[in-house]
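Survey of secondary and tertiary structure
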Amino acid sequence: MKNRADLIIYWGGNPAECHPRHFTKYTIMQKGRFIPNGRKGRTMVLVDIRETPSAKAADVFLQVRPGKDFEVLTALRAVVKGQRVDAAAVADTGLSLDQLTDLANRMKACRFGVLFFGMGLSMTRGKHMNSAAALTLAAELNAFTKFVAMPMRGHGNVTGADVIMRYTTAFPFGVNLSRGYPRFNPGEFSTIDLLVRGDNDATLVLGADPGATMPQPAIRHLSQTPTIVLDPKVTHTSRLAKVHITTAATGITAPGTVYRMDEIPLPLKPPLVGPYPTDEDVMRRIREAAERKAHIAA
Amino acid sequence: MLRIRGGKVYDPKNGVDGVVKDVCISGGNVVTDVDGGRVIDGTGLVVFPGGVDVHTHVAGAALNFARGLIPEQHRNAHPIVRDHIRRAGIVGATPTTFATGYVYAGMGWTTVNEAAVPVLSAKHTHEELRDTPMVDKTCCVLMANNEILLDLIEAGDHERVKHVLAWHVWAAKAYGVKAVNPGGVEAWKFGGDAKKLLEPVPGYKTLTPADIVSGMARACDELRLPHAVHLHCNNLGAPGNVSTTLDTMKALEGHRAHMAHLQYHAYGGDDWLTFRSESAKIAEAFNASPNLTCDAGAVLFGTTVTITADGPWQHLLYQLTGKKWGNLDVENETGCGVVPYVYKEKNIVNAVQWAVGLELLLLIDDPWRVSLTTDHPNGAPFWRYPEILHLLMNADFRKEQIARLPEKARSRIILDQLTREYTLGEVAVISSAGPARALGLEHKGHLGVGADADVAVYHAEKDVTKMFSHPRYVIKGGEVVVEEGELRQVVEGSVTAVKPAYDPEVEEFLRQLFQQYYTMSFDNYPVTPDRVHGLQVNELN
Ligand SMILES: [Zn+2]
C-alpha cells in the first residue's frame, strides 16, 4: 500500500480524527518505492454521509445519503462491469451516475487501489451486507487491476482480540462456550444481544467501555447484574460496575502486543513503571483463586 | 522410564524392518536398556517412530484469515469439548491451535514443519505455535518475493544474498527458507504473474525466476542449512505446468532443494479441457536428481479450504469457482490467497489431481525422497493422511476407487497401471524417517539410541485407514500421551530455530532499506527469543 497504492478510498470512516496516523504513516503522505512523488502520486477519495475533517485531505469527496451505502456499492459494481444502470435510481443515493462512472473509471484505471471501509459502513444499516458488498467490489476489480479492501477498526486492540478468538475458537466474535465447545452465532451470542436480552448473570469487561456505546437496555442489565471491569482509568462502565480493578496501561506501564488493522502484531515496550498489575496478571490470579475454590468445594 | 516390550519395530533409519524387539525410553530419549519403570506390552502391535510432517500450514496469519472465512464449515466440523486436560476447539479443515496438537498426536504424528512464515507476521505465527501443544515445531521463512533479496540477486551480489537470507532466518526464528512462486508473488502485487522460468520478472530488467531459484538454493547450501531451500515452483496448479517444473529442476544446477507439494506441479494439457497427468515425466526427472527431495501434496475428495502464498493461482481458482476469495498482501515480502474448495470425484480436473498425487508416491522409487503430505489444508486436512496410506498399501482398494472416476478422467491418468503396494517399512519412511531426514532433524524419525522418544504404536489390521487413525499408544518426549486410543495427557512441544552465521554489517544495510520501504520500525521486525515458547537453537558456524 505504502509502496504501490495510487488510488486510496476511505468509505464511511474519518481517519483524520479517528486514525490520525493513518494518512502520514501508511497511505497518502508517504513516498513509496513505486510512488516516488508521495502525495502527488496518489488520488484520495472520501465517501461519507457528511463532510468530516477528512474531506479536506481528499481529492474527491462523495456525500452519500444516510443508509444508502449498499445501493451505491451495488450500482458501482454494475458500472464497473459495464452493465446498464438507471440514473434515477442512482440519484436517490445522493450521488449522480456521472460521479459513480468517474469513480468506477478511476478504480479500473489505477495500478493499485485500496478501499478502506470504516464503521460508518460496517456498523450502519445493512452492516454485514455493506461489508460484503465492499469486499465483493474489490474482488471483482481484480479482473481489471490490483485492488484490495480493508476494514478500519474501532479503538483498542479489537483486531488482536479477533485474531486470538479465531485461532483458539475458530470464530472471530460472538462465541458461546457454554456447551464446552465453541459455537458462533452473531445476533444471538454477540455481547450486545446477550445484554439486551439479559441472558447472562455476570459480565467481565476487559479493555472496552460498553457503558459508553451500547443501547440503554444493555447498560441497564450491566448495572443490575454483577459487572467487573479491568481498566487503567475510570470509564462509563466502571462507574456502573460492582467491581473495578485498576490495571496497568498497556504500552505505558505494561508490555504487550497490539495488532495493527492489517493483523500485523507490534510489540509494546512500556516507557514507565507503574504500581498496578497487568490485565494478564489479574486474570491469572482470578483463575487460580477460582481453581482453589473449586478444589475446596470438591 | 518406559519399555515397549516385544512389538514389531519399524525403524528404517537404523535398518530395522519389522523386527520383534523392545524399545526402551528414559529422560525423553531412546536408550539401550532400562531397569524397571513402566512396561507396555507390544505383543502383536506395530511400533513406528512418531510421524513427521515436512509441509503443513497449522499456524500463521494466512491460515487464521482462512479460519475466519469459513464459519459454515466450522459449524459442521468435529468439536473438541473442554475436559480436565483438553481445551475446547474445532477440528475441520483448519483446526484451532490446541485442536491441531491433539489431532496430530492423536494419530501418532509428533513433529510438524509450518511451511510458510512471512517475517513481518512471524511474531503472530509463533503466538499460534505456542498454543499448539503435543508436537515439536519448525517453520520456514518466506523469502523468494522479498524485494531487497530480489534486488541483490539481480545485481549478482551473492555474498550479500547469503547474509540477508541468514539474517532473516534468525529474525523469524525459522528453521529453513521457503521460496513460493519465485518472482510471481512480487509481480502479483501489480496483478501480474511470473510464469516463464527464463523470462524476466515483471518490473525487473534481467532477473528471472530461474535466477531466484538457483541463487537461493546455492545460498542455503553454502550456509549449510540443515533443510534445503523449500521450493514451491512457479505456475502451481496450471495445465501444462510440467515444463516449468522440469525447468526448475534444471535451474537448480545440482543444488539441494525440497520440492513442495509436487502433485500441483505435474500437469499436462494446454487448458482445463485437456488437463492431464504428467507424473511419469516428473517422476523420471526426479528419480534421476539425487539432489532433490519432495512431498506429495496429495488431494482427497471432499471439502477443504485452499490457502497459499501463491496469490495469482488463488485468483484463478476464484474465477473458476466463483466462490469466496480473500487476498492478503504482506508489505514487501509476500502475499497470500484463501478460497474454500470442494474436490469432487466427478470433476475431471479434481479426479486427475487425486490420481497425480498417488502416482507420484508410487512412481518415485526412493521412498526416502518423497514425504506424505496433502499440503494441509490445500489438498485435504492432515487428519485424512491414513486414507492415503490405505490407497498406497492396497492396490485392489485403489482399483475400486479408480473405477468410480469419470471415463474421461481415467484416460488422462496412469494410476490404473501401477501395481506397487507400500510395505509397512516404506510407510514408516514416507511418514517419519524420510521427512526427518529431508528436514535434517537428526533426533527425529528414528528409534536409535539418543533419538527423541517420540513413538507411535499401532494395532496391525486390514483396514489401514482405521489402523493409522487410531494408534493404541503414542509417546511424546518420553511421556505416554495416548493410551488405548485416548488422549491421556497434554504436553508442550519445542520450536527449533536455526541461527546461521552472518556478517553483522548486513543489519545496517537492511536497516536503511527497511526504513525506506516498510511501515514498521526495523527494531520491531525480528522476533525476539523470549517470544518463542520452548525455543531450541541450532547454531551454525
Ligand atoms: Zn503449502
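The rules behind the values
Residues numbered from 1 in each chain as written. Chains lettered and ligands numbered in written order. Predicted model: local features only at pLDDT ≥ 70, side-chain atom pairs only at ≥ 80, totals over all residues. Heavy atoms only, no water. Helix = DSSP H or I, 4+ residues; strand = E, 2+ residues; numbered from the N terminus. Rg over C-alpha atoms; globule rule 2.2 N^0.38 Å. Buried < 20%, exposed > 50% of the residue type's maximum accessible area, 1.4 Å probe, protein only. Core = buried A, V, L, I, M, F, W, Y, C linked by side-chain atoms within 4.5 Å. Contact = heavy atoms within 4.5 Å. Pairing = 2+ DSSP bridges. Axes fitted to C-alpha atoms, helices over the stretch in contact; angles between N-to-C directions. Parallel < 35°, antiparallel > 145°, perpendicular 65-115°, else oblique. Left-handed = near helix turned anticlockwise from the far one by under 90°. Nonpolar A, V, L, I, M, F, W, Y, C, P; charged D, E, K, R; others polar. Disulfide = S-S within 2.5 Å. Donors = N, O, S within 2.8 Å, 3.2 Å for Na, K, Ca; no water. Polar contact = N/O pair within 3.5 Å; in protein donor to acceptor, adjacent residues only side chain to side chain. Salt bridge = Lys/Arg side-chain N within 4 Å of Asp/Glu carboxyl O. Phe/Tyr/Trp six-rings, centres within 6.5 Å; stacked < 30°, edge-to-face > 60°. Lys NZ or Arg CZ within 6 Å of the ring centre and 35° of its normal. pLDDT = per-residue confidence, 0-100.

Considerations on the overall build of chain B
A count of helical and extended segments in chain B gives 18 helices and 26 strands. Compactness check: chain B gives a C-alpha radius of gyration of 22 Å against a globular reference of 24 Å for 541 residues, within 12% of the reference. When its C-alpha atoms are laid out on the principal axes, chain B stretches across 65 × 60 × 45 Å. Looking at chain B as a whole, 66% of its 541 residues qualify as buried.

Focus: the nonpolar core
Ranked by internal contacts, the top residues of the largest apolar core, which has 141 residues, are Phe48, Met216, Trp354 and Phe468 of chain B. For Phe48 of chain B, the contacting residues outside a window of four places in its chain are Tyr10, Leu424, Val427, Ala428, Ser431, Leu447, Asp454, Val455, Ala456, Tyr458 and Phe468 of chain B. Leu7, Leu62, Leu103 and Phe117 of chain A belong to the second largest nonpolar core, which has 31 residues in total.

Some details on the pairing of strand E8 (residues 203–206) of chain A
Residues and elements named next belong to chain A. Residue alternation in E8 divides its side chains into a buried set, Thr203 and Val205, and an unburied set, Leu204 and Leu206. Of the pairings in the sheet, the one linking E8 to strand E9 (residues 227–231) comprises four bridges and is parallel in character. Bridging across to E9, Leu206 finds its partner in Leu230.

Some points on the packing of helix H5 (residues 147–154) of chain B against helix H6 (residues 158–171) of chain B
Residues and elements named next belong to chain B. Following both chains from N to C, one finds H5 and H6 inclined at 160 degrees, their axes separated by 9 Å at the closest point. On the basis of their axis angle, the class for H5 and H6 is roughly antiparallel. Handedness of the crossing formed by H5 with H6: left-handed. In contact with Leu149, Leu152 and Ile153 of H5, H6 contributes Arg160, Val161, Val164 and Leu165. A breakdown of the residues in the contact of H5 with H6 according to their chemical character gives six nonpolar, no polar and one charged.

Examining the state of the cysteines
All names here are of chain B. Scanning all chains against the criterion turns up zero disulfides over all chains. The thiol of Cys233 is not disulfide-bonded; the next cysteine sulfur, from Cys294, is found 10 Å away. Look at Cys233 and you get buried, because its relative accessible area is 1%.

Here we look at the coordination of the zinc ion
Residue and element names in this part refer to chain B. The coordination sphere of the zinc ion contains the protein donors His55 (NE2), His57 (NE2) and Asp375 (OD), at a distance range of 2.0 to 2.1 Å. Every donor residue of the zinc ion comes from the same chain, spaced as H-x1-H-x317-D. Residue His55 is located in strand E6 (residues 51–56), and its partner Asp375 is located in the loop between strand E20 (370–371) and helix H13 (385–393); the two are separated by 320 residues in the primary sequence. The pair formed by His55 and Asp375 is uniform in burial state, with each residue classed as buried.

A closer look at the side chain of Thr168 of chain A
Looking at where Thr168 of chain A falls in the secondary structure, it is placed in helix H8 (residues 158–169). A distance of 2.7 Å separates the side chain of Thr168 of chain A from the backbone oxygen of Ile164 of chain A, its partner in a polar contact. Among residues more than four places away in sequence, those in contact with Thr168 of chain A are Ala88, Gly89, Thr96, Thr97, Phe98 and Asp131 of chain B.

Considering unusual backbone geometry
Residues and elements named next belong to chain B. A cis amide bond links His376 with the next residue in sequence, Pro377, at an omega value of -5 degrees. Position of Pro377 among the secondary structure elements: in the loop between E20 and H13. Phi at Lys173 takes a positive value of approximately 55 degrees, unusual for a residue other than glycine. Following the sequence through the fold, Lys173 ends up in the loop between H6 and strand E11 (176–180). Exposure remark for Lys173: the relative accessible area of 2% places this residue in the buried category.

As for the pattern of salt bridges
Here the structure, examined in full by the defined rule, presents 39 salt bridges over all chains. A salt bridge links Lys81 of chain A to Glu140 of chain A; its shortest N-O distance comes to 3.2 Å. Here the residue Lys81 of chain A occupies a position in the loop between helix H3 (69–80) and helix H4 (87–91), and Glu140 of chain A occupies one in helix H7 (residues 127–141), the gap between them amounting to 59 residues. On the accessibility criterion, Glu140 of chain A (15% relative accessible area) is buried. We note a salt bridge from Asp366 of chain B to Arg369 of chain B, for which the minimum N-O separation is 3.8 Å. Looking at Asp366 of chain B, the relative accessible area reads 27%, which means it is partly exposed.

Points about the environment of His376 of chain B
The residue His376 of chain B is located in the loop between E20 and H13 in this model. Distance in space between the C-alpha atoms of His376 of chain B and Thr56 of chain B is 5.0 Å, their sequence separation being 320 residues.

Looking at the sheet that holds E8 of chain A
Residue and element names in this part refer to chain A. Strands sit in the order E8-E9-E10 across an open sheet of three strands; the sheet is parallel. The open sheet terminates on both sides in strands that have one partner only, identified here as E8 and strand E10 (243–246). The sheet shows a mean angle of 15 degrees between the axes of neighbouring strands, direction not considered.

Here we look at the packing of aromatic side chains
Residues and elements named next belong to chain B. Under the defined criterion, the tally for this structure stands at 18 aromatic pairs over all chains. On the numbers, 5.3 Å between centres and 15 degrees between planes, the contact of Trp167 with Phe522 is stacked. In this pair, Trp167 sits in helix H6 while Phe522 sits in the loop between helix H18 (505–517) and strand E26 (535–539), placing the two residues 355 residues apart along the sequence. Of the two residues examined, Trp167 and Phe522, each falls in the buried class. A connected cluster of aromatic rings, assembled from ring pairs, spans Tyr10, Phe48, Tyr458 and Phe468. Sitting over the face of the ring of Phe509, Arg160 holds its NZ or CZ atom 4.0 Å from the ring centroid. A cation over a ring is seen here: Lys173 above Trp170, with NZ or CZ 4.0 Å from the ring centre.

Re the confidence of the model for chain B
Scored by pLDDT, chain B comes out at a mean of 91, with 92% of its residues at no less than 70. The complex model carries a pTM of 0.82, and its ipTM stands at 0.89.

A few points about the environment of Gly82 of chain A
Looking at the element boundaries, Gly82 of chain A is found in the loop between H3 and H4. Sequence separation between Gly82 of chain A and Thr101 of chain A is 19 residues; the distance between their C-alpha atoms is 9.7 Å.

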